[in-house]
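The primary structure of each chain is shown beneath.
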Protein chains: 2
Amino acid sequence: MDIAEFRRRGREMVDFVADYYENIEKRPVFPDVEPGYLRSLIPSEAPVDPETYEDIMKDVERVIMPGVTHWQSPNFFAYFPANSSLPALLADMLSGAIGCIGFTWAASPACTELETVMLDWLGKMLQLPECFLAGTDGQGGGVIQGTASEATLMSLLAARCKTVRRVQASNSQLLEGEIFSKMMAYTSEEAHSSVERAAQIAGVMIRKVPTDDTYAVRGEMLKKMVEMDKAAGLIPFYFCATLGTTPSCAFDHITELGPICNDENMWMHVDAAYAGSAFVCPEFRHLLNGIEYANSFDFNPHKWLLVNFDCSAMWVKNRADLIGAFKVDPLYLKHENQESGLVTDYRHWQIPLGRRFRSLKMWFVFRLYGHKGLQSHIRHHVTLAKEFESLVRADKRFEICAEVILGLVCFRLKGEDVLSENLLKKINQKREIHLVPCQLSGRFVLRFAVCSRTTESHHIQKAWQHITQLTFEVLQVSNY
Amino acid sequence: MDIAEFRRRGREMVDFVADYYENIEKRPVFPDVEPGYLRSLIPSEAPVDPETYEDIMKDVERVIMPGVTHWQSPNFFAYFPANSSLPALLADMLSGAIGCIGFTWAASPACTELETVMLDWLGKMLQLPECFLAGTDGQGGGVIQGTASEATLMSLLAARCKTVRRVQASNSQLLEGEIFSKMMAYTSEEAHSSVERAAQIAGVMIRKVPTDDTYAVRGEMLKKMVEMDKAAGLIPFYFCATLGTTPSCAFDHITELGPICNDENMWMHVDAAYAGSAFVCPEFRHLLNGIEYANSFDFNPHKWLLVNFDCSAMWVKNRADLIGAFKVDPLYLKHENQESGLVTDYRHWQIPLGRRFRSLKMWFVFRLYGHKGLQSHIRHHVTLAKEFESLVRADKRFEICAEVILGLVCFRLKGEDVLSENLLKKINQKREIHLVPCQLSGRFVLRFAVCSRTTESHHIQKAWQHITQLTFEVLQVSNY
């Protein structure tokens with residue numbers, strides 16, 4: 001393919017993408033394929049000679065599309081949003097073309113510097129405390145991680161390193177391994193599975209803190225566990241708070257938890273993967289109160305802030321904690337400006353070495369939407385969730401299972417779990433809308449998350465109509 | 001931005017990208033900016049109201065381009081390639097538009113299944129042993145990781161888990177922490193810094209194995225260290241072999257090392273991040289001999305196989321080792337087909353949870369180039385490296401510092417390091433070409449890597465002319 005053909009094919013692809021979005025509602029949101037469906041549709045080996053572009057694009061419809069779960073469809077209400085936006089798509093084209101790998105400042109200064117400034121912009125939109133911003137001479141700063149899981153892992157590793165150094169400073173005979181085996185991390189029983197995984201990777205123990213009846217961790221619950229563990233000779237060192245849990249969008253009480261962590265020399269990481277985007281609105285900013293106690297904070301603009309996956313925004317109060325955890329400096333990565341305080345080498349901030357020019361899509365999105373545009377997007381989704389909540393509340397067969405604070409509604413059919421299980425099965429078999437379940441207080445619950453950028457009130461109404469119709473079928477069968 | 005505007009802006013962006021590639025040689029390959037240059041060029045906060053698209057595109061030239069290191073320029077000879085290609089760019093547009101997050105099979109079946117089959121296609125092009133392929137009922141299989149660093153980490157974590165289980169099976173009283181503190185990993189002293197970092201993350205010790213005079217690890221060197229460590233009561237459990245080291249593209253002797261690892265119950269991971277792409281050519285395939293002894297293998301199609309970053313291809317012989325290392329299964333990620341042998345949930349294979357639809361770009365590239373096209377690309381680069389090598393060898397002031405096997409030439413000015421250091425400084429100050437250094441046998445060495453998809457013989461000739469001219473200046477000064 002030469003440049004001339006790229007111009008032609010590129011235009012065709014732009015139209016393909018535009019057509020995809022214009023007609024996405026005509027596609028079943030959830031695919032009707034069996035495991036292994038794809039292998040039989042394509043050859044078992046790569047072609048020896050080049051094929052034609054036309055054949056490939058035909059196969060996109062024949063092979064790919066039938067197996068796609070359409071996350072961008074307004075009928076997609078599963079998991080959490082993964083908002084794509086048109087400005088982000090354009091920025092990604094540019095990023096792909098430049099194709100730089102920004103592991104050090106010198107490897108592409110623009111890639112590093114735009115990222116630092118974009119994280120400052122975003123931090124200001126969230127009214128993050130000044131200490132989390134890089135500015136020109138801050139101790140803190142932000143970085144784009146691939147996912148919230150990686151941010152959690154990085155924060156836990158930094159905390160591990162800091163703790164080992166502190167313990168060894170007062171008892172220099174202790175080996176790292178001995179300290180590890182006494183270190184205890186904590187997180188909510190409602191926290192994302194990646195927190196437990198991060199502790200497994202780091203080789204430290206983790207305890208799940210019970211939540212109150214709103215599925216949130218309170219200070220006293222953590223305090224009790226920490227006291228108990230200290231009495232048993234363990235070293236509490238890390239707490240991952242969640243703002244907006246995955247099952248029910250519950251908010252741990254970080255105004256209570258933060259002071260405990262600070263007093264106990266425990267690193268507090270705040271994971272607001274989904275909910276964080278809402279903090280660009282002043283009316284939701286109070287949910288972030290207490291962030292001043294945290295050592296690190298992360299949320300995913302790729303979930304709800306219109307910046308395509310992957311873009312997880314992480315801030316630390318003290319960048320030296322993160323960088324110091326594993327600095328390894330071979331000559332082929334050294335460069336002249338390395339020692340300057342102005343220079344950031346993001347490779348020390350993350351698990352991978354390489355990194356794409358992801359801040360471009362933040363820059364395009366923030367400028368083309370403006371702070372106000374981002375706020376409208378969040379408010380619109382919250383309004384739609386409230387609309388759905390009202391519909392559920394008006395129907396006596398259903399119950400709401402957790403307070404609806406942002407864009408997620410947890411609900412179930414009153415009675416045995418099997419009713420809600422059957423309802424969900426029917427919903428996903430029909431493929432008109434797509435939901436996933438969760439478990440709350442041991443009960444099977446349906447999660448209805450407003451996801452797509454293009455979801456409107458009529459989609460909510462239609463979804464509810466569809467759900468009630470299937471409910472009729474479920475209850476009818478159960479009455480036999 | 002509505003769909004109609006996206007069609008227009010998308011076309012403009014396609015042209016912008018095409019123009020960028022057509023004129024990339026007119027730009028200095030390495031930017032002339034000081035640390036902190038960018039912050040002063042843009043506002044300190046995000047705009048409240050939307051800005052115009054025209055303003056943003058103007059800023060791409062004003063703010064971004066002056067700070068870009070142009071990795072796709074044919075005058076870029078630094079690090080290793082990060083080949084972008086036009087078919088991959090088109091596939092990425094499609095991937096971004098679909099915007100699915102393929103963490104489980106159900107989250108988007110096409111995303112998972114195409115990946116499995118593409119890794120089989122690629123494995124077959126490399127003539128990987130059958131046991132690494134997924135097929136319809138294989139124990140092994142491939143996965144796209146973000147970077148080789150993540151593949152190394154995943155393999156080390158899987159090895160750690162397997163070893164702990166084995167040790168605990170024969171001594172059930174040992175705690176995990178106690179076992180960790182006896183576990184020893186090994187890698188070449190020439191290995192990439194990410195291997196050391198993986199051991200740090202996992203909390204295990206690592207030893208660097210000395211290399212022979214070709215910078216390769218031999219069996220006897222590893223064997224000696226393993227014996228010594230075993231005698232000291234340690235548990236050797238992991239060896240990361242490198243095929244194509246970063247400093248000099250040296251190849252560890254895995255035909256010797258593999259049997260040792262197998263005998264000692266050590267996991268052998270083979271990291272061929274750069275060199276792996278060359279194995280699509282039969283004449284280079286012998287460099288992969290011994291892979292049958294490995295537990296896992298990884299290389300980066302995003303380096304040298306025309307698939308845009310990120311795309312690191314990893315295979316394991318026994319997928320259960322990888323998956324078993326940290327399976328965490330919350331209800332919101334469960335789905336109906338989970339227990340089927342046909343279904344792969346790639347979230348268990350990697351550090352992050354979320355993942356993009358990256359196999360699309362493999363599919364586009366493999367089909368639009370064909371196996372033959374990929375081979376031509378590799379062969380062309382190797383020929384160019386040989387051409388550069390001849391030029392260096394013909395000039396008595398220089399010496400070649402390592403055998404030129406693929407696309408990397410290591411060379412230096414004979415004599416004191418300061419000469420080569422000054423030469424490199426001059427080269428990078430002139431910004432006509434870009435190189436980075438390495439250290440070999442304690443000496444400062446220049447690395448000349450053929451990187452860009454569009455590098456031709458005349459670029460090599462011009463680069464050499466440029467280098468010799470600067471050499472003249474360096475030697476003249478040093479004679480005063």
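This text gives an overview of the structure that appears in the document. Computed from a prediction, not measured in an experiment: that's the story for all the values here. (Residues numbered from 1 in each chain as written. Chains lettered and ligands numbered in written order. Predicted model: local features only at pLDDT ≥ 70, side-chain atom pairs only at ≥ 80, totals over all residues. Heavy atoms only, no water.)

**Quick word on the packing of aromatic side chains**
The tally for this structure, following the rule as stated, stands at 43 aromatic pairs over all chains. On the basis of an interplanar angle of 50 degrees and a centroid distance of 5.6 Å, the ring pair of A:Y20 and A:Y21 is categorised as tilted. Take A:Y20 and A:Y21: they sit in the same class, and that class is buried. Their ring planes at 20 degrees and their centres at 4.2 Å tell us that B:F77 and B:F448 sit as a pair that is stacked. Of this pair, B:F77 sits in the loop between helix 2 (53–64) and helix 3 (86–98) while B:F448 is found in strand 11 (residues 443–449), placing the two residues 371 residues apart along the sequence. A relative accessible area of 0% means that B:F77 is categorised as buried. An aromatic cluster is present here, built from A:F77, A:F388, A:F398, A:F411, A:F448 and A:W464 joined pairwise through their rings. (Phe/Tyr/Trp six-rings, centres within 6.5 Å; stacked < 30°, edge-to-face > 60°. Buried < 20%, exposed > 50% of the residue type's maximum accessible area, 1.4 Å probe, protein only. Helix = DSSP H or I, 4+ residues; strand = E, 2+ residues; numbered from the N terminus.)

**Considering the relation of the copies chain B and chain A**
Once chain B is rotated about the relating axis by 180 degrees and shifted along it by 0.0 Å, it coincides with chain A to within an RMSD of 0.0 Å. What the superposition gives is, in effect, a two-fold axis relating one chain to the other. Same-surface contact between copies: 100% of interface residues of chain B are shared with the interface of chain A. (Least-squares fit on C-alpha atoms with pLDDT ≥ 70 in both. Contact = heavy atoms within 4.5 Å.)

**Quick notes on helix 9 (residues 254–263) of chain A**
Residues and elements named next belong to chain A. Within helix 9, burial applies to I254, L257, G258, I260 and C261. For helix 9, the buried positions fall inside an angular range of 170 degrees around the axis, keeping them on one side. Where the residues of helix 9 are buried, they touch helix 8 (219–231), strand 4 (235–242) and strand 5 (267–271). Immediately downstream of helix 9, the backbone of N265 shows phi near 60 degrees, a positive value. (Arc of directions from axis to C-beta.)

**Thoughts on unusual backbone geometry**
Cis geometry is adopted by the peptide bond preceding A:D310, which originates at A:F309 and carries an omega value of 0 degrees. You can see A:D310 is positioned in the loop between helix 11 (301–304) and strand 7 (312–316). With phi around 60 degrees, A:C249 is a residue other than glycine that occupies positive phi space. Here A:C249 lies in the loop between strand 4 and helix 9. Even without a glycine there, the phi angle at B:Y79 is positive, about 50 degrees. Here B:Y79 shows up in the loop between helix 2 and helix 3.

**Focus: the interface of chain B and chain A**
Many structure descriptions define interface size as the accessible area lost when the parts assemble. With 148 residues of chain B at the interface, the matching set in chain A holds 148 residues. Taken together, the links from chain B to chain A amount to 18 salt bridges. Across the pair B:R7 and A:D19 runs a salt bridge, and its minimum N-O distance is 2.7 Å. Joining chain B to chain A, the criterion identifies 58 residue pairs in polar contact (both at pLDDT 80 or more). The leading source of residues in the side of chain B that touches chain A is helix 1 (residues 3–22) of chain B, at 16 residues. Within the side of chain B that touches chain A, the residues separate by chemical class into 86 nonpolar, 33 polar and 29 charged. (Salt bridge = Lys/Arg side-chain N within 4 Å of Asp/Glu carboxyl O. Polar contact = N/O pair within 3.5 Å; in protein donor to acceptor, adjacent residues only side chain to side chain. Nonpolar A, V, L, I, M, F, W, Y, C, P; charged D, E, K, R; others polar.)

**As for helix 13 (residues 359–393) of chain A**
All names here are of chain A. The end-to-end C-alpha separation of helix 13 is 42 Å, well short of the 51 Å expected for 35 residues at 1.5 Å each. At G370, helix 13 is deflected by roughly 90 degrees, the largest bend along its length. Counting buried positions over the 35 residues of helix 13 gives 27, a clear majority of the element. (Expected span 1.5 Å × (residues − 1). Bend = angle between axes of the 7 residues up to and from the residue.)

**A word on the environment of B:K426**
Residue and element names in this part refer to chain B. Topologically, K426 is positioned in helix 14 (residues 417–430). Overall, the relative accessible area of 25% leaves K426 in the partly exposed class. Those residues in contact with K426 that sit more than four places away from it in its chain are L470, E473 and V474.

**Some remarks on the pattern of salt bridges**
Applying the stated rule across the entire model yields 66 salt bridges over all chains. The closest approach of N and O atoms between B:E54 and B:R9, which form a salt bridge, is 2.9 Å. Placement of the pair is B:E54 in helix 2 and B:R9 in helix 1, with a sequence separation of 45 residues. Residue classification places B:R9 among the buried residues on the basis of a relative accessible area of 5%. A single network of salt bridges, built from pairs that share partners, joins A:D310, A:R356, A:R358, B:D310, B:R356 and B:R358.

**Quick look at the side chain of B:S85**
Residue and element names in this part refer to chain B. Along the polypeptide, S85 turns up in the loop between helix 2 and helix 3. A relative accessible area of 0% means that S85 is categorised as buried. Polar side-chain contacts of S85 include one of 2.6 Å to the backbone oxygen of L306. Setting aside residues up to four positions removed in sequence, S85 forms contacts with L306, N308, V365, Y369 and R453.

**Quick look at the environment of A:K230**
All names here are of chain A. On the secondary structure map, K230 appears in helix 8. Given the relative accessible area of 37%, K230 is considered partly exposed. In the structure, K230 is positioned 185 residues away from G415 in sequence and 43 Å away in space, judged by C-alpha atoms.

**A few points about the nonpolar core**
Ranked by internal contacts, the top residues of the largest apolar core, which has 258 residues, are A:F366 and B:F366. Those residues in contact with A:F366, other than ones at most four positions away along the chain, are A:M118, A:W121, A:L122, A:M125, A:L305, A:V307, A:H371, A:L374, B:A46 and B:P47. Ranked by size, the runner-up nonpolar core spans 66 residues in total, among them A:A199, B:I179, B:I323 and B:Y346. (Core = buried A, V, L, I, M, F, W, Y, C linked by side-chain atoms within 4.5 Å.)

**Here we look at the pairing of strand 9 (residues 408–413) of chain B**
Residue and element names in this part refer to chain B. Among the six residues in strand 9, six count as buried, and that is most of the element. Covered by surrounding structure in strand 9 are L408, C410 and R412 together with V409, F411 and L413, the residues of both alternating faces. Sheet topology note: the strand 8 (residues 398–400)/strand 9 ladder contains three bridges and is antiparallel. Residue pairing for strand 9: E399 is matched across the bridge by R412. Of the pairings in the sheet, the one linking strand 9 to strand 11 comprises four bridges and is antiparallel in character. Its bridge partner lying in strand 11, L408 is registered against A449. (Pairing = 2+ DSSP bridges.)

**Let's talk about the side chain of A:N83**
Residue and element names in this part refer to chain A. Tracing the backbone through its elements, the reader meets N83 in the loop between helix 2 (53–64) and helix 3 (86–98). You can call N83 buried: its relative accessible area is 1%. Among the polar contacts listed, one links the side chain of N83 to the side chain of H377, at a separation of 2.7 Å.

**What to know about the sheet that holds strand 10 (residues 436–440) of chain B**
All names here are of chain B. Reading across from one edge, 8-9-11-10 is the order of the four strands in this open sheet, with antiparallel pairing throughout. Each of the sheet's edge strands pairs with one partner strand only, and the pair in question is strand 8 and strand 10. Each adjacent strand pair in this sheet contributes to an overall mean axis angle of 40 degrees, direction not counted. Running at roughly 15 degrees to strand 9, helix 13 (residues 359–393) makes contact with strand 8, strand 9 and strand 11 of the sheet. Sheet strands in contact with helix 14 are strand 8, strand 9, strand 10 and strand 11, and its direction is about 35 degrees off that of strand 11. (Axes fitted to C-alpha atoms, helices over the stretch in contact; angles between N-to-C directions.)

**Let's talk about the packing of helix 2 of chain A against helix 13 of chain B**
Across the interface, helix 2 of chain A lies against helix 13 of chain B with an axial gap of 10 Å and an inter-helix angle of 145 degrees. Judged by the twist between their axes, the crossing of helix 2 of chain A over helix 13 of chain B is right-handed. Contacts from A:Y53, A:D55, A:I56, A:M57, A:D59, A:V60, A:V63 and A:I64 of helix 2 of chain A reach helix 13 of chain B at B:L360, B:W363, B:F364, B:R367 and B:L368. Each residue belonging to the contact of helix 2 of chain A with helix 13 of chain B can be placed in one class, and the counts come to 10 nonpolar, no polar and three charged. (Left-handed = near helix turned anticlockwise from the far one by under 90°.)

**Things to note about the state of the cysteines**
Residues and elements named next belong to chain B. By the definition in use, this model includes zero disulfides over all chains. Unpaired in this structure, C249 has its nearest cysteine sulfur neighbour in C410, at a distance of 8.5 Å. Residue classification places C249 among the buried positions, given a relative accessible area of 3%. (Disulfide = S-S within 2.5 Å.)

**Looking at the sheet that holds strand 11 (residues 443–449) of chain A**
All names here are of chain A. Taken in spatial order, the four strands make up an open sheet running 8-9-11-10, and their pairing is antiparallel. If you trace the sheet from one side to the other, it starts and ends with strand 8 (398–400) and strand 10 (436–440), each paired once. Recorded for the sheet is a direction-independent mean angle of 40 degrees between the axes of neighbouring strands. Where strand 10 lies against strand 11, five bridges are found, and the strand directions are antiparallel. Each residue of the ladder has a partner; that of C438, found in strand 11, is V445.

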